[in-house]
Amino acid sequence: MVIAKAWVLQKHFDGFPKTSDFDLKKIELPNLKDGGEQKLLLESVFLSVDPYMRPYSRLQMKEGDIMIGTQVARIVESKNPGFTVGTFVTANRGWRTHFISDGKDLQLLLSNWPESLPKSLALGTVGMPGLTAYFGLLEVCKMKPGETVLVNAAAGAVGSVVGQLTKIGGCKVVGSAGSDDKVAYLKKIGFDEAFNYKTVKSLDEALRKASPDGYDCFFDNVGGEFASVAINQMKKYGRIAVCGAISQYNDSVPQKGPYVQIPMLFKELQMEGFLVTRWNNRREEGLQALLKWVVEGKVKCHEQVTEGFENMPMAFIGMLKGENLGKAVVKV
Ligand code: NDP
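Residues numbered from 1 in each chain as written. Predicted model: local features only at pLDDT ≥ 70, side-chain atom pairs only at ≥ 80, totals over all residues. Heavy atoms only, no water.

The chain appears in an unreviewed UniProt entry as Prostaglandin reductase 1 from Dicaeum eximium. The annotation that UniProt attaches to the chain under Sequence similarities (unreviewed entry) is "Belongs to the NADP-dependent oxidoreductase L4BD family." For the record of the chain, the UniProt heading Subcellular location (unreviewed entry) holds the text "Cytoplasm". (UniProt positions renumbered as here; feature names shortened; annotations may be inferred.)

And the structure:
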(Lines give C-alpha, C1' and ligand atoms only; values in the text may rest on other atoms or scores of the structure.)
Protein backbone atom coordinates (compact mmCIF):
# COMPACT_ATOMS: atom_id res chain seq x y z
CA MET A 1 0.00 0.00 0.00
CA VAL A 2 1.23 3.53 -0.84
CA ILE A 3 0.72 6.61 1.28
CA ALA A 4 0.45 9.66 -1.02
CA LYS A 5 1.20 13.17 0.16
CA ALA A 6 -1.07 15.95 -1.09
CA TRP A 7 -1.32 19.70 -0.56
CA VAL A 8 -4.85 20.91 0.08
CA LEU A 9 -6.26 24.40 0.02
CA GLN A 10 -6.88 24.85 3.74
CA LYS A 11 -8.31 28.34 3.35
CA HIS A 12 -9.28 30.32 0.26
CA PHE A 13 -6.61 32.88 -0.60
CA ASP A 14 -7.39 36.37 0.56
CA GLY A 15 -5.02 38.76 -1.20
CA PHE A 16 -1.54 37.33 -1.69
CA PRO A 17 -1.37 33.55 -0.90
CA LYS A 18 0.33 32.55 2.36
CA THR A 19 1.88 29.22 3.36
CA SER A 20 -0.78 28.93 6.11
CA ASP A 21 -3.45 28.72 3.36
CA PHE A 22 -2.15 25.21 2.55
CA ASP A 23 -2.15 21.97 4.49
CA LEU A 24 -0.13 18.81 3.80
CA LYS A 25 -2.27 15.65 4.00
CA LYS A 26 -1.48 11.95 3.76
CA ILE A 27 -3.80 9.75 1.70
CA GLU A 28 -3.77 5.97 1.76
CA LEU A 29 -4.07 4.58 -1.78
CA PRO A 30 -5.75 1.19 -2.26
CA ASN A 31 -3.78 -1.67 -3.82
CA LEU A 32 -4.36 -2.14 -7.57
CA LYS A 33 -6.78 -4.94 -8.36
CA ASP A 34 -6.76 -7.21 -11.39
CA GLY A 35 -9.66 -6.55 -13.70
CA GLY A 36 -10.79 -3.32 -12.02
CA GLU A 37 -10.99 0.11 -13.60
CA GLN A 38 -8.14 1.67 -11.62
CA LYS A 39 -5.19 -0.19 -12.98
CA LEU A 40 -2.25 2.19 -12.80
CA LEU A 41 -0.22 3.61 -9.93
CA LEU A 42 1.81 6.71 -10.74
CA GLU A 43 4.32 8.88 -8.92
CA SER A 44 4.71 12.56 -9.67
CA VAL A 45 8.24 13.44 -10.73
CA PHE A 46 7.80 17.14 -11.53
CA LEU A 47 4.86 19.32 -10.57
CA SER A 48 3.95 22.66 -12.09
CA VAL A 49 3.16 25.86 -10.22
CA ASP A 50 1.26 28.31 -12.43
CA PRO A 51 -0.41 31.70 -12.07
CA TYR A 52 -3.83 30.30 -13.11
CA MET A 53 -4.00 28.38 -9.83
CA ARG A 54 -4.61 31.68 -8.01
CA PRO A 55 -7.82 32.76 -9.86
CA TYR A 56 -9.05 29.22 -10.58
CA SER A 57 -8.78 28.21 -6.90
CA ARG A 58 -11.68 30.62 -6.31
CA LEU A 59 -13.62 29.53 -9.38
CA GLN A 60 -13.22 25.75 -9.17
CA MET A 61 -12.23 24.73 -5.65
CA LYS A 62 -13.63 24.59 -2.16
CA GLU A 63 -11.61 24.63 1.03
CA GLY A 64 -10.18 21.18 1.75
CA ASP A 65 -9.77 20.25 -1.93
CA ILE A 66 -6.40 19.11 -3.26
CA MET A 67 -4.70 22.01 -5.09
CA ILE A 68 -5.30 21.91 -8.83
CA GLY A 69 -2.35 21.40 -11.15
CA THR A 70 -0.45 19.25 -13.59
CA GLN A 71 2.50 16.94 -13.25
CA VAL A 72 4.95 14.81 -15.16
CA ALA A 73 4.47 11.38 -13.62
CA ARG A 74 6.00 7.94 -13.97
CA ILE A 75 4.03 4.72 -13.98
CA VAL A 76 5.28 2.63 -11.07
CA GLU A 77 2.76 -0.22 -11.20
CA SER A 78 0.55 -1.33 -14.07
CA LYS A 79 -2.24 -3.82 -14.48
CA ASN A 80 -3.22 -2.14 -17.75
CA PRO A 81 -1.61 -3.71 -20.84
CA GLY A 82 -1.72 -0.33 -22.61
CA PHE A 83 0.84 1.19 -20.19
CA THR A 84 4.21 -0.20 -19.17
CA VAL A 85 5.98 0.52 -15.92
CA GLY A 86 8.53 3.32 -16.31
CA THR A 87 6.48 5.27 -18.91
CA PHE A 88 6.35 9.04 -18.37
CA VAL A 89 3.08 10.90 -18.87
CA THR A 90 1.56 14.26 -18.10
CA ALA A 91 -1.54 14.38 -15.93
CA ASN A 92 -3.84 16.93 -14.39
CA ARG A 93 -4.15 15.40 -10.93
CA GLY A 94 -3.21 18.24 -8.62
CA TRP A 95 -0.52 18.67 -6.00
CA ARG A 96 0.08 15.05 -4.95
CA THR A 97 3.01 12.67 -4.91
CA HIS A 98 1.14 9.52 -6.05
CA PHE A 99 -2.18 8.73 -7.65
CA ILE A 100 -4.17 5.94 -9.22
CA SER A 101 -5.55 6.18 -12.74
CA ASP A 102 -7.46 4.19 -15.30
CA GLY A 103 -5.21 5.70 -17.99
CA LYS A 104 -7.92 7.81 -19.63
CA ASP A 105 -6.72 11.04 -18.01
CA LEU A 106 -3.05 10.56 -18.94
CA GLN A 107 -1.17 12.02 -21.90
CA LEU A 108 1.96 10.31 -23.14
CA LEU A 109 4.97 12.51 -23.82
CA LEU A 110 5.60 12.98 -27.55
CA SER A 111 6.86 9.70 -29.03
CA ASN A 112 9.93 11.48 -30.46
CA TRP A 113 10.86 13.16 -27.14
CA PRO A 114 14.69 12.97 -27.05
CA GLU A 115 16.18 10.99 -24.16
CA SER A 116 18.54 13.90 -23.38
CA LEU A 117 15.73 16.49 -23.06
CA PRO A 118 14.47 17.08 -19.49
CA LYS A 119 10.96 15.69 -19.13
CA SER A 120 10.02 18.67 -16.96
CA LEU A 121 9.85 20.73 -20.19
CA ALA A 122 6.52 18.99 -20.81
CA LEU A 123 5.18 21.37 -18.15
CA GLY A 124 6.83 24.42 -19.74
CA THR A 125 8.24 25.22 -23.16
CA VAL A 126 7.04 21.95 -24.70
CA GLY A 127 3.80 21.97 -22.74
CA MET A 128 0.90 24.23 -21.84
CA PRO A 129 2.88 27.51 -21.47
CA GLY A 130 4.67 26.95 -24.80
CA LEU A 131 1.34 26.22 -26.50
CA THR A 132 -0.06 29.43 -25.00
CA ALA A 133 2.75 31.42 -26.63
CA TYR A 134 2.38 29.54 -29.93
CA PHE A 135 -1.39 29.87 -30.39
CA GLY A 136 -1.56 33.32 -28.82
CA LEU A 137 0.94 34.68 -31.33
CA LEU A 138 -0.29 32.80 -34.38
CA GLU A 139 -4.03 32.88 -33.88
CA VAL A 140 -4.72 35.90 -31.69
CA CYS A 141 -1.91 38.37 -32.44
CA LYS A 142 -1.71 37.07 -36.02
CA MET A 143 1.82 38.48 -36.16
CA LYS A 144 3.38 39.08 -39.55
CA PRO A 145 7.09 39.37 -40.44
CA GLY A 146 8.44 42.87 -39.90
CA GLU A 147 6.00 43.76 -37.14
CA THR A 148 6.87 44.86 -33.59
CA VAL A 149 5.58 42.76 -30.69
CA LEU A 150 5.46 43.76 -27.02
CA VAL A 151 5.30 41.13 -24.26
CA ASN A 152 5.32 41.57 -20.47
CA ALA A 153 6.26 39.02 -17.79
CA ALA A 154 8.70 38.31 -20.61
CA ALA A 155 11.19 36.23 -18.63
CA GLY A 156 8.53 33.79 -17.45
CA ALA A 157 7.29 30.49 -18.84
CA VAL A 158 4.97 31.95 -21.48
CA GLY A 159 6.73 35.27 -22.09
CA SER A 160 10.17 33.81 -22.80
CA VAL A 161 8.68 31.56 -25.48
CA VAL A 162 6.62 34.43 -26.93
CA GLY A 163 9.80 36.47 -27.42
CA GLN A 164 11.69 33.66 -29.12
CA LEU A 165 8.81 32.65 -31.41
CA THR A 166 8.45 36.30 -32.36
CA LYS A 167 12.06 36.29 -33.58
CA ILE A 168 11.50 33.03 -35.49
CA GLY A 169 8.52 34.75 -37.11
CA GLY A 170 10.71 37.62 -38.35
CA CYS A 171 9.44 40.33 -35.97
CA LYS A 172 11.04 42.76 -33.56
CA VAL A 173 10.31 41.96 -29.90
CA VAL A 174 10.30 44.19 -26.84
CA GLY A 175 10.01 42.59 -23.40
CA SER A 176 9.59 43.80 -19.85
CA ALA A 177 10.48 41.94 -16.66
CA GLY A 178 10.90 42.60 -12.97
CA SER A 179 14.66 42.40 -12.37
CA ASP A 180 17.93 43.36 -14.06
CA ASP A 181 18.99 39.70 -14.18
CA LYS A 182 15.80 38.88 -16.06
CA VAL A 183 16.44 41.75 -18.49
CA ALA A 184 19.97 40.44 -19.12
CA TYR A 185 18.49 36.99 -19.78
CA LEU A 186 16.00 38.41 -22.29
CA LYS A 187 18.82 40.05 -24.24
CA LYS A 188 20.75 36.77 -24.16
CA ILE A 189 17.87 34.85 -25.71
CA GLY A 190 17.39 37.37 -28.51
CA PHE A 191 14.95 40.06 -27.40
CA ASP A 192 15.68 43.24 -29.37
CA GLU A 193 14.82 45.50 -26.45
CA ALA A 194 14.14 44.73 -22.79
CA PHE A 195 13.65 46.79 -19.66
CA ASN A 196 12.96 46.39 -15.94
CA TYR A 197 9.43 47.72 -15.42
CA LYS A 198 10.08 48.07 -11.69
CA THR A 199 12.99 50.51 -12.02
CA VAL A 200 12.17 52.61 -15.13
CA LYS A 201 11.22 56.17 -14.23
CA SER A 202 8.30 56.13 -16.65
CA LEU A 203 6.74 53.06 -18.24
CA ASP A 204 5.37 55.26 -21.00
CA GLU A 205 8.86 56.57 -21.83
CA ALA A 206 10.44 53.11 -21.66
CA LEU A 207 7.90 51.73 -24.13
CA ARG A 208 8.37 54.72 -26.44
CA LYS A 209 12.16 54.44 -26.33
CA ALA A 210 12.06 50.71 -27.10
CA SER A 211 9.84 51.25 -30.15
CA PRO A 212 9.31 54.90 -31.14
CA ASP A 213 6.84 53.86 -33.87
CA GLY A 214 4.64 51.92 -31.44
CA TYR A 215 3.52 48.29 -31.41
CA ASP A 216 1.62 46.13 -33.88
CA CYS A 217 0.99 43.36 -31.35
CA PHE A 218 0.83 43.29 -27.58
CA PHE A 219 0.92 39.89 -25.85
CA ASP A 220 -0.41 40.87 -22.44
CA ASN A 221 0.39 38.58 -19.49
CA VAL A 222 0.00 41.23 -16.83
CA GLY A 223 -3.06 43.47 -17.36
CA GLY A 224 -3.75 46.34 -14.95
CA GLU A 225 -1.70 49.50 -15.11
CA PHE A 226 0.89 48.13 -17.54
CA ALA A 227 -1.79 47.34 -20.09
CA SER A 228 -3.47 50.71 -19.58
CA VAL A 229 -0.22 52.50 -20.46
CA ALA A 230 0.77 50.16 -23.31
CA ILE A 231 -2.57 50.36 -25.11
CA ASN A 232 -1.86 54.02 -25.91
CA GLN A 233 1.27 53.03 -27.80
CA MET A 234 -0.39 50.57 -30.14
CA LYS A 235 -0.18 51.30 -33.85
CA LYS A 236 -3.34 51.76 -35.88
CA TYR A 237 -5.11 48.37 -36.33
CA GLY A 238 -2.90 46.85 -33.60
CA ARG A 239 -3.83 43.52 -32.00
CA ILE A 240 -3.81 42.83 -28.27
CA ALA A 241 -3.84 39.23 -27.04
CA VAL A 242 -5.13 39.17 -23.47
CA CYS A 243 -3.34 36.09 -22.16
CA GLY A 244 -3.24 36.84 -18.44
CA ALA A 245 -3.74 39.50 -15.81
CA ILE A 246 -1.28 38.51 -13.09
CA SER A 247 -1.11 42.05 -11.70
CA GLN A 248 -4.79 41.69 -10.75
CA TYR A 249 -5.03 38.07 -9.50
CA ASN A 250 -4.27 38.92 -5.86
CA ASP A 251 -6.47 42.00 -5.61
CA SER A 252 -9.06 41.84 -2.85
CA VAL A 253 -10.64 45.01 -4.22
CA PRO A 254 -10.85 45.10 -8.06
CA GLN A 255 -8.71 47.80 -9.72
CA LYS A 256 -10.46 50.58 -11.60
CA GLY A 257 -9.72 52.09 -15.07
CA PRO A 258 -8.34 53.93 -17.00
CA TYR A 259 -10.71 52.51 -19.59
CA VAL A 260 -9.82 51.12 -22.98
CA GLN A 261 -12.52 52.55 -25.25
CA ILE A 262 -10.78 55.72 -26.46
CA PRO A 263 -7.54 54.12 -27.74
CA MET A 264 -9.51 51.07 -28.99
CA LEU A 265 -11.76 53.33 -31.02
CA PHE A 266 -9.38 55.85 -32.51
CA LYS A 267 -6.65 53.33 -33.30
CA GLU A 268 -9.19 50.72 -34.43
CA LEU A 269 -7.56 48.08 -32.23
CA GLN A 270 -8.54 44.46 -31.77
CA MET A 271 -8.37 43.01 -28.26
CA GLU A 272 -9.09 39.34 -27.68
CA GLY A 273 -8.92 37.24 -24.56
CA PHE A 274 -8.02 33.60 -25.04
CA LEU A 275 -7.49 30.34 -23.18
CA VAL A 276 -4.97 27.91 -24.60
CA THR A 277 -7.50 25.08 -24.28
CA ARG A 278 -9.32 26.55 -27.32
CA TRP A 279 -6.73 24.76 -29.47
CA ASN A 280 -6.74 21.38 -27.69
CA ASN A 281 -7.50 19.79 -31.06
CA ARG A 282 -4.16 21.18 -32.38
CA ARG A 283 -2.09 20.24 -29.34
CA GLU A 284 0.10 17.76 -31.22
CA GLU A 285 0.87 20.32 -33.97
CA GLY A 286 1.91 22.94 -31.39
CA LEU A 287 3.99 20.56 -29.28
CA GLN A 288 5.81 19.15 -32.32
CA ALA A 289 6.66 22.66 -33.55
CA LEU A 290 7.94 23.67 -30.10
CA LEU A 291 9.94 20.44 -29.67
CA LYS A 292 11.58 20.93 -33.07
CA TRP A 293 12.66 24.50 -32.23
CA VAL A 294 13.98 23.41 -28.83
CA VAL A 295 15.96 20.53 -30.35
CA GLU A 296 17.35 22.85 -33.05
CA GLY A 297 18.41 25.33 -30.37
CA LYS A 298 16.15 28.05 -31.78
CA VAL A 299 14.15 28.21 -28.57
CA LYS A 300 16.13 28.19 -25.32
CA CYS A 301 14.54 27.03 -22.08
CA HIS A 302 15.24 28.00 -18.51
CA GLU A 303 13.57 26.39 -15.52
CA GLN A 304 13.36 27.46 -11.90
CA VAL A 305 13.43 24.12 -10.14
CA THR A 306 12.43 23.95 -6.47
CA GLU A 307 13.50 20.70 -4.83
CA GLY A 308 11.07 18.85 -2.59
CA PHE A 309 7.32 18.30 -2.62
CA GLU A 310 7.09 19.90 0.82
CA ASN A 311 8.21 23.19 -0.76
CA MET A 312 5.32 23.45 -3.27
CA PRO A 313 3.50 26.33 -1.52
CA MET A 314 6.77 28.29 -1.33
CA ALA A 315 7.46 27.65 -5.01
CA PHE A 316 3.95 28.83 -5.91
CA ILE A 317 4.18 31.97 -3.78
CA GLY A 318 7.71 32.65 -5.07
CA MET A 319 6.49 32.45 -8.68
CA LEU A 320 3.70 34.94 -7.96
CA LYS A 321 6.32 37.26 -6.44
CA GLY A 322 8.50 37.00 -9.55
CA GLU A 323 11.29 34.84 -8.11
CA ASN A 324 11.27 32.54 -11.15
CA LEU A 325 13.34 32.87 -14.31
CA GLY A 326 11.58 30.75 -16.93
CA LYS A 327 9.19 28.01 -15.89
CA ALA A 328 8.69 27.37 -12.18
CA VAL A 329 8.55 23.63 -11.43
CA VAL A 330 8.90 21.47 -8.36
CA LYS A 331 10.99 18.30 -8.38
CA VAL A 332 9.52 15.80 -5.97
P1 NDP B 1 5.49 33.26 -15.30
O2 NDP B 1 6.50 32.19 -15.44
O3 NDP B 1 5.60 34.46 -16.18
O4 NDP B 1 5.49 33.71 -13.77
C5 NDP B 1 4.73 34.78 -13.35
C6 NDP B 1 5.51 36.10 -13.51
O7 NDP B 1 4.61 37.18 -13.48
C8 NDP B 1 6.48 36.37 -12.37
O9 NDP B 1 7.71 35.74 -12.55
C10 NDP B 1 6.58 37.88 -12.40
O11 NDP B 1 7.68 38.27 -13.20
C12 NDP B 1 5.30 38.33 -13.10
N13 NDP B 1 4.47 39.13 -12.19
C14 NDP B 1 3.95 38.79 -11.01
N15 NDP B 1 3.23 39.80 -10.49
C16 NDP B 1 3.31 40.81 -11.37
C17 NDP B 1 2.78 42.13 -11.40
N18 NDP B 1 2.03 42.62 -10.40
N19 NDP B 1 3.06 42.90 -12.48
C20 NDP B 1 3.82 42.41 -13.49
N21 NDP B 1 4.34 41.18 -13.51
C22 NDP B 1 4.08 40.38 -12.47
O23 NDP B 1 4.03 32.67 -15.45
P24 NDP B 1 3.40 32.04 -16.78
O25 NDP B 1 4.31 32.29 -17.91
O26 NDP B 1 2.97 30.67 -16.49
O27 NDP B 1 2.09 32.93 -16.98
C28 NDP B 1 2.18 34.27 -17.46
C29 NDP B 1 0.78 34.81 -17.66
O30 NDP B 1 0.12 34.04 -18.66
C31 NDP B 1 -0.10 34.74 -16.42
O32 NDP B 1 -0.91 35.90 -16.37
C33 NDP B 1 -0.96 33.53 -16.67
O34 NDP B 1 -2.18 33.57 -15.97
C35 NDP B 1 -1.12 33.60 -18.16
N36 NDP B 1 -1.45 32.32 -18.80
C37 NDP B 1 -2.55 32.28 -19.59
C38 NDP B 1 -2.89 31.15 -20.28
C39 NDP B 1 -4.08 31.17 -21.17
O40 NDP B 1 -4.53 30.11 -21.63
N41 NDP B 1 -4.63 32.35 -21.45
C42 NDP B 1 -2.11 29.90 -20.12
C43 NDP B 1 -0.91 30.06 -19.31
C44 NDP B 1 -0.61 31.23 -18.66
P45 NDP B 1 8.39 39.72 -13.08
O46 NDP B 1 9.64 39.49 -12.28
O47 NDP B 1 8.66 40.07 -14.48
O48 NDP B 1 7.43 40.63 -12.37
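A.B. asks: Explanation requested: the side chain of Asn221 in the structure shown.
C.D. replies: Its location among the elements puts Asn221 in the loop between β11 (215–220) and α6 (224–230). When neighbours within four sequence positions are excluded, Asn221 is seen to be in contact with Val151, Asn152, Ala153, Val158, Gly159, Cys243, Gly244, Ala245 and Ile246. (Helix = DSSP H or I, 4+ residues; strand = E, 2+ residues; numbered from the N terminus. Contact = heavy atoms within 4.5 Å.)

A.B. asks: Please clarify how the environment of Pro263 should be interpreted in this entry.
C.D. replies: Relative to the elements of secondary structure, Pro263 occurs in helix α7 (residues 261–266). When its relative accessible area of 10% is taken as the criterion, Pro263 is described as buried. Spatially, the C-alpha atoms of Pro263 and Ser252 are 28 Å apart, while their sequence positions differ by 11 residues. Sequence-distant contacts of Pro263, defined by excluding residues within four places in its chain, comprise Ile231, Asn232, Glu268 and Leu269. (Buried < 20%, exposed > 50% of the residue type's maximum accessible area, 1.4 Å probe, protein only.)

A.B. asks: Looking at this model, I keep getting lost on the environment of Phe46. Mind explaining?
C.D. replies: Looking at where Phe46 falls in the secondary structure, it is placed in strand β3 (residues 40–48). We classify Phe46 as buried; its relative accessible area is 13%. Considering only alpha carbons, one finds Phe46 and Asn221, 175 residues apart in sequence, at a separation of 24 Å. For Phe46, the residues in contact, after removing those within four places along its chain, are Gln71, Val72, Ser120, Leu123, Val330 and Lys331.

A.B. asks: How do you make sense of the nonpolar core when you look at a structure like this?
C.D. replies: A general tendency of soluble globular proteins is for nonpolar side chains to be buried together. In this structure, Trp113, Val126, Leu137, Leu165, Leu186 and Phe219 are the most contacted members of the largest nonpolar core, which totals 50 residues. When residues are assigned to domains, this core turns out to be shared by domain 1 (2–124 + 302–331) and domain 2 (128–277), each giving three or more. Apart from the residues lying within four places of it in its own chain, the contact partners of Leu165 are Ala133, Tyr134, Leu137, Met143, Leu290, Trp293 and Val299. Leu47, Met53, Met67 and Phe309 belong to the second largest nonpolar core, which has 20 residues in total. (Core = buried A, V, L, I, M, F, W, Y, C linked by side-chain atoms within 4.5 Å. Domains from an automatic or database assignment.)

A.B. asks: Before we go on, may I ask you to explain the domain arrangement of the chain in this structure?
C.D. replies: Where the parts come together, the accessible area they lose is often given as the size of the interface. We note that the domain assignment places domain 1 (2–124 + 302–331) and domain 2 (128–277) within the chain. Computed over C-alpha atoms only, the centres of domain 1 and domain 2 are separated by 29 Å. If you look at the interface, domain 1 gives 21 residues, while domain 2 gives 14 residues. Together, the buried faces of domain 1 and domain 2 total about 1,300 Å²; carbon and sulfur atoms form 58% of this surface. (Buried area = accessible area lost by both parts, 1.4 Å probe.)

A.B. asks: Before we go on, may I ask you to explain the side chain of Ser57 in this structure?
C.D. replies: Counting through the fold element by element, Ser57 comes out in helix α1 (residues 53–60). Residue Ser57 is classed as buried on the basis of its relative accessible area, which comes to 1%. For Ser57, the contacting residues outside a window of four places in its chain are Leu9, His12, Phe13 and Ile68.

A.B. asks: What's the story with the sheet that holds strand β9 (residues 172–177) in this structure? I'm lost.
C.D. replies: Two strands in a sheet stick together by hydrogen bonds in their backbones, pointing the same way (parallel) or opposite ways (antiparallel). Here 6 strands make up an open sheet; going across it, the order is β10-β9-β8-β11-β12-β13 and the pairing parallel. The sheet is open, and its two borders are formed by β10 (193–196) and β13 (270–273), each paired with just one other strand. Each adjacent strand pair in this sheet contributes to an overall mean axis angle of 15 degrees, direction not counted. Two elements, strand β8 (residues 148–151) and β9, share 4 bridges in a ladder whose sense is parallel. Along β9, the bridge assignment pairs Thr148 with Lys172. (Pairing = 2+ DSSP bridges. Axes fitted to C-alpha atoms, helices over the stretch in contact; angles between N-to-C directions.)

A.B. asks: Mind showing me how you'd approach empty space enclosed by the protein here?
C.D. replies: If you walk through the whole model with that rule in mind, you get 1 cavity of 30 Å³ or more. When its volume is computed, the largest cavity comes out at roughly 50 Å³. Surrounding the largest cavity, Gly124, Thr125, Gly156, Ala157, Ser160, Lys300, Cys301, His302, Gly326 and Lys327 form its lining. Both domain 1 (2–124 + 302–331) and domain 2 (128–277) contribute no fewer than three residues apiece to the lining of the largest cavity. (1 Å grid on protein atoms, 1.4 Å probe; cavity = no way out; pocket = protein on both sides within 12 Å on 5 of 7 lines; lining within 4 Å. Points joined across faces, edges and corners; volume = space filled by probe spheres on them.)

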